[in-house]
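Fold and contact review
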Amino acid sequence: MQQLSPATLLVLVPLLPLAGAVLTLLLGRVLGPRAHLPAIAGIAGAAAVAVMLLLGTSNQVGSAHGPHAEPVRPVEMITTLWQWASVQDAYVPPASSAAAVPGTAVGSAGSTARPFTIPVALRLDPLTATLLAIITCIGLVVAVYSIGYMHHDPGYPRFFAVFSLFVFSMSMLVAASNFLVVYVFWEAVGACSYLLIGFWFRKPEAARAAKKAFLVNRIGDFGLAIATFLLWMTYGTLDFHDTLSPDGTILPGILGQTRLADVDGIVGGAVGTAICLCLLLAACGKSAQLPLHVWLPDAMEGPTPASALIHAATMVTAGIYLVARSAPLFMACPGALTAVSIVGATTALVAALIATVQNDLKRVLAYSTISQLGYMFASLGTGTLLGFTAAIFHLVTHAFFKALLFLGAGSVMHSMGNVIDMRRFGGLRRIMPITAATFLVGSLALAGIAPFSGFFSKDEILAALHGKGWPNAHAEHHDAAPASHASLWNASYVVPRPAPREDSTDWLDGFDAPATWRSLFWMALVTAGLTAFYTFRAVFMTFTGPTRVPDEAGHHAHESPPVMSVPLVILAVPAAAVGWWLFGTQSLAHFLAATPSFSAPAVAATAAPHAFHMDLAIQGTLAAAIGVVIAAIGHLGRRSDGPQLERFLGPLQTFFANRCYVDELYAWLVVRPLEALAVVAALFDRHVIDGLVNTFARLPVALGGIVRRLQGGLLQRYALAGVMGVLAIVVLLAWQLRG
Amino acid sequence: MNAGLPELTPGMLVAGAVTAAAASLWLLLPRGTESRLARWLGLVLGAAAISGFIVTGRRLGGLGEEAVFLTVSLVAVVSGAATIVTRSPVYSAIWFALALSGVAGVLLVLGAQFLGVATIVVYAGAILVMFLFVLMLAQPSGLASYDRVSNEPLLSAVAGAVLLGLLSLSIGRMSADPTCCAVPAKAAAVSDAGAAATAVAADPLAADQVARLGGELFGRHLLAVEVAGVLLLVALIGAIAVVARGEAALEDDRRFFEGGVRR
Amino acid sequence: MTPLVAATSTALLQNALVVGAMLFALGLVGILTRRNLIVMFLSAELMLQGISVSLVAWSRHHGDFGGHVLVIFVLTVAACEAAVALVFVLQAFARTGRLDVAAWQALREATLARSVDHALPASDAEPQRWPRLSTAGVLPPGAEEPSLEREHV
């Protein structure tokens, strides 16, 4: 592997799954039941390369401990594949540009006009390396699992082709270094998601769910498009990275190190807030945050492996990635940051409440995913390095344990004849012990029980929120060991956070107050308890109590085959241990801090020393324990179709069971008026426009009706007409030449 | 030439003659309805038209020459008119034979002895007999309905008259144009180019005219003659092939026409 | 052999050309009006005759054999045309049972009705009465096949 440069390896990560997808598409019919081979080979190769890249990048960043502890330097590598488009002199910065463009001073400040270029460039930095590894590794495990799950499905090759295509698109999304390319693959993953939700397109619910996901995502994509336009108008480039123009000047990218090193490089104020809010809208659409969360629960109509990879582990975290990648932009707009947190925490709480009353195992997990994504958003919104790294940390652990839970649910579904209603299950741990054990591991991780992975990441998120709510307490807390951190966070990056600008009279910024953060913290804590409750409610309903198997299961009611159970076990290991390991060595936080976006002075300045907050851990564990206990009281050892929940919640149960009537709200606010408008438009079209068109169409028809009579089929009449025509021409000529 | 009517120019005469010819043809052509009056009127108008043309025609000099030319061309034109207005196709063919003899006479007057004879032999002797055979095979007893009506007789007659008028006017105008009708320098140019045979053949009135025509035909136009021979062969084979192949398709077509079934 | 008309003036040329034009125009009118395929053919031949007259007139005027040679080719082509076309006429007759050119109307617009002749008189010629002799001796042979006999052509 000596001869393969990192750039080549980086290109291989998306390329191998793409090749797999193409091969599967081409050879699917030929390969038949072995159609998974090209796709899995491609994803496996990509996974191996991604892990190599992760290790390589990790070496480049350096260790967090020991005598070799180095100051955090931004680490990034760009490889430009080709220039997609290039328009000369497309951008002329406005004379009074708020964006003081750093770097123009570096070279000759000659021409102000700059070209519009879209380089298809791939980047490698710690954030990308982490996500690439997650996407490909979990993708590989889920793909192997799918061999068993999708067995005998008529669309077997199609599934693997789209699956592999998704891995390609997602890799490109996190590796792209240009907002427009990100947009392209943002749409590409959406398209793959659409294809996989509607995989069983003959089933009306699946087709409808796919359509719904696609349409709801459009709203978010619209936000990303607007954000891209605004970014171009503001910065005159769409690149993340700096580029060296032929005349030696550095064209600073939006998230390039030149701009990030400049205190005033990022535009704040109204424009900045608008950009950030548009990015947030995009993230809300893709990551199913309030109020655009409605598509994700319905997306469970797709095959369970697709749900596990796309709608739990990877694609829905694209919004997290986008916000994290744009962290410097958000740092300039505290109001937008607060909005991120408010959206996140609210989503977390509402989704958790809805999840408590769901009876469909996959829907519980879907709402749980929404809730956990809300957690990550809440963490991102704190605008501290801790918050950003905690969000990515939670993203990593969540990817493992939620994929595990989904695959477990899929295993249950597979054995139970595609029944997924928990009220019809009971005591399945006796029938499928491996699934039950691994599901329990995933549930413990999700519920945040120490020492499973979710505990640590959730603890960090709570710490980030707590730090914003009670800044003084944390300052004191951290004063205990100030010296060590000063060495860790190099002095050159300790740039004081820019004071709030005078022009930032944005009302949104008013929310950035400790009181807001305190309420967000309590919401997160309540959500932790609710998470534990609904998770263990699902575990108790499904796997404990008297053994009950739905009739549809037939002779299938046994443990899934090894090709499915082994991936469960493989995923259970990181779901259990990765949190403890990453937290204990805190390698991930240190690693991610070298991402250019996070090493920007504005972000790096907020670096807090790493610490284990015992008080928060106790609060979190207590909340989780209360949730588990309530779930146990309600469901442990009882028949799963009992009315305990209704008795407990009363009318609220109806409210939550109807998903807080969000879908109905949309129906009344959006769908019905649009339908009425469509009816009016259809009537107008059919009667007015079509009438007009038909009137015009009748004119030539009438004219033709007259002329058509000449076409009588009588040969001599044709000949006569020809002779008369010739004579007319000759007479005309004779008349003209008579002189 | 028309001293009594000085205001009557040849152009007006031609126009009148052409109009009369059109009216005559329209009256004489089969139109379904028959009336003796129309027939007589048509004949009178036709005679008037021919007279008009005779009056506007140029004098040839000698009375004998004049009479000969007038006779043969009258035979040709009148028989040609009768060919197209006669109801019965058999009579048409016979009128056509008479028209051919008139044309042959015109050709003889013009000094084309060989062509005059060949026209009689080939047309009247071969082609026309073939027509009559076909008529014998195909013509129903009596007059068919389609022989008693014409297609757009008025418009067609007018079109033909306009054509005739245009041609006559342009021919009449030739005499006013000194460049057009002089014996062209072309023949001289060709002879200058070195073709001695052309110079020899320049006088069509010579005694050995047919021999010279043969020499011309098999000298300068040999390739064209060969091609014409091939054309005759192809026509022969083609006619046989169409008959042979046509028998097979006949049944199909008959069903189509009788049953009205669209293919 | 002396020519019938020794004149070489343009007068002969012009008169001959007028005769050719008349024959051509008559042929044109015939081909446009007459419905009988055979008569249409006769009209076409009439047009060819007009052309021939014109060609020979010019040949006479120019004093060369170009027009004569062309007329010979016209004769050749007319012979070929007659051979092939008469076969077609026979085929057409075999298909429709008529020599009517209006029987072939398939090229018309699909929406138009087939054009038919209206208000034809049953016959415009009263049947001729042939003289019939009183029988003297045996009847002459013939008349076994009445359909083969035509009252007029």
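First, a word on scope: everything that follows refers to the structure included in this document. (Residues numbered from 1 in each chain as written. Chains lettered and ligands numbered in written order. Predicted model: local features only at pLDDT ≥ 70, side-chain atom pairs only at ≥ 80, totals over all residues. Heavy atoms only, no water.)

Right, let's talk about the overall build of chain C for a bit. Across its full length, chain C carries three helices and zero strands. Counting all 153 residues of chain C, 50% fall into the buried class. Total accessible area on chain C stands at roughly 7400 Å², and carbon and sulfur atoms take up 64% of it. (Helix = DSSP H or I, 4+ residues; strand = E, 2+ residues; numbered from the N terminus. Buried < 20%, exposed > 50% of the residue type's maximum accessible area, 1.4 Å probe, protein only. Areas by Shrake-Rupley, 256 points an atom, 1.4 Å probe, with all protein chains shown as cover.)

This part is about the interface of chain C and chain B. The partner chain B presents 111 residues to the 88 residues of chain C that form the contact. Carbon and sulfur atoms supply 75% of the area buried between chain C and chain B, which totals about 9100 Å² over both sides. Among the residues of chain C in contact with chain B, Arg34, Phe65 and Arg95 of chain C are the three that bury the most area, contributing 8% of the side total. Summed over the shared surface of chain C and chain B, the result is zero salt bridges. There are twelve residue pairs in polar contact (both at pLDDT 80 or more) connecting chain C and chain B. Among the elements of the structure, helix H1 (10-33), helix H2 (37-62) and helix H3 (66-96) of chain C are those that each provide at least two residues to the side of chain C that touches chain B. A per-element tally of the side of chain C that touches chain B places H3 of chain C first, with 24 residues. Of the residues contributing to the side of chain C that touches chain B, the split by class is 59 nonpolar, 18 polar and eleven charged. (Contact = heavy atoms within 4.5 Å. Buried area = accessible area lost by both parts, 1.4 Å probe. Salt bridge = Lys/Arg side-chain N within 4 Å of Asp/Glu carboxyl O. Polar contact = N/O pair within 3.5 Å; in protein donor to acceptor, adjacent residues only side chain to side chain. Nonpolar A, V, L, I, M, F, W, Y, C, P; charged D, E, K, R; others polar.)

Take the packing of aromatic side chains next. All chains considered together, the criterion is met by 17 aromatic pairs over all chains. These aromatic residues form a ring-pair network of at least three members: Tyr156, Phe159, Phe160, Phe163, Phe199 and Trp200 of chain A. Sitting above the plane of the Tyr375 of chain A ring, Lys458 of chain A keeps its charged end 5.5 Å from the centroid. The aromatic ring of Trp26 of chain B is capped on one face by Arg31 of chain B, whose charged end is 4.9 Å from the ring centroid. (Phe/Tyr/Trp six-rings, centres within 6.5 Å; stacked < 30°, edge-to-face > 60°. Lys NZ or Arg CZ within 6 Å of the ring centre and 35° of its normal.)

Moving on to the interface of chain A and chain C. Counting from both sides, the interface comprises twelve residues of chain A and, opposite them, 17 residues of chain C. Between chain A and chain C, a total of about 1100 Å² is buried, with carbon and sulfur atoms accounting for 66% of that surface. Its largest share of buried area at the contact with chain C, chain A owes to Arg708, Leu714 and Gln716 of chain A, together 46% of the area lost on that side. At the boundary of chain A and chain C, one finds zero salt bridges.

The next point concerns the pairing of strand E2 (residues 114-124) of chain A. Residues and elements named next belong to chain A. Counting buried residues in E2 gives nine out of eleven residues, a clear majority hidden from the surface. Sheet analysis places strand E1 (residues 77-91) next to E2, joined by ten bridges and oriented antiparallel. Counterpart to Gln83 in the pairing with E2 is Pro119. (Pairing = 2+ DSSP bridges.)

Turning next to the pattern of salt bridges. Residues and elements named next belong to chain A. Considering all chains together, one arrives at 15 salt bridges over all chains under this definition. Ionic pairing is found between Asp298 and Arg363, a salt bridge with its closest N-O pair at 3.4 Å. Remark: Arg363 occurs in helix H14 (residues 361-380) and Asp298 occurs in helix H9 (residues 295-298); sequence separation between them is 65 residues. Assigned by exposure class, Asp298 and Arg363 land together as buried. One salt bridge in this structure joins Glu301 and Arg363, with 3.8 Å as the shortest N-O distance.

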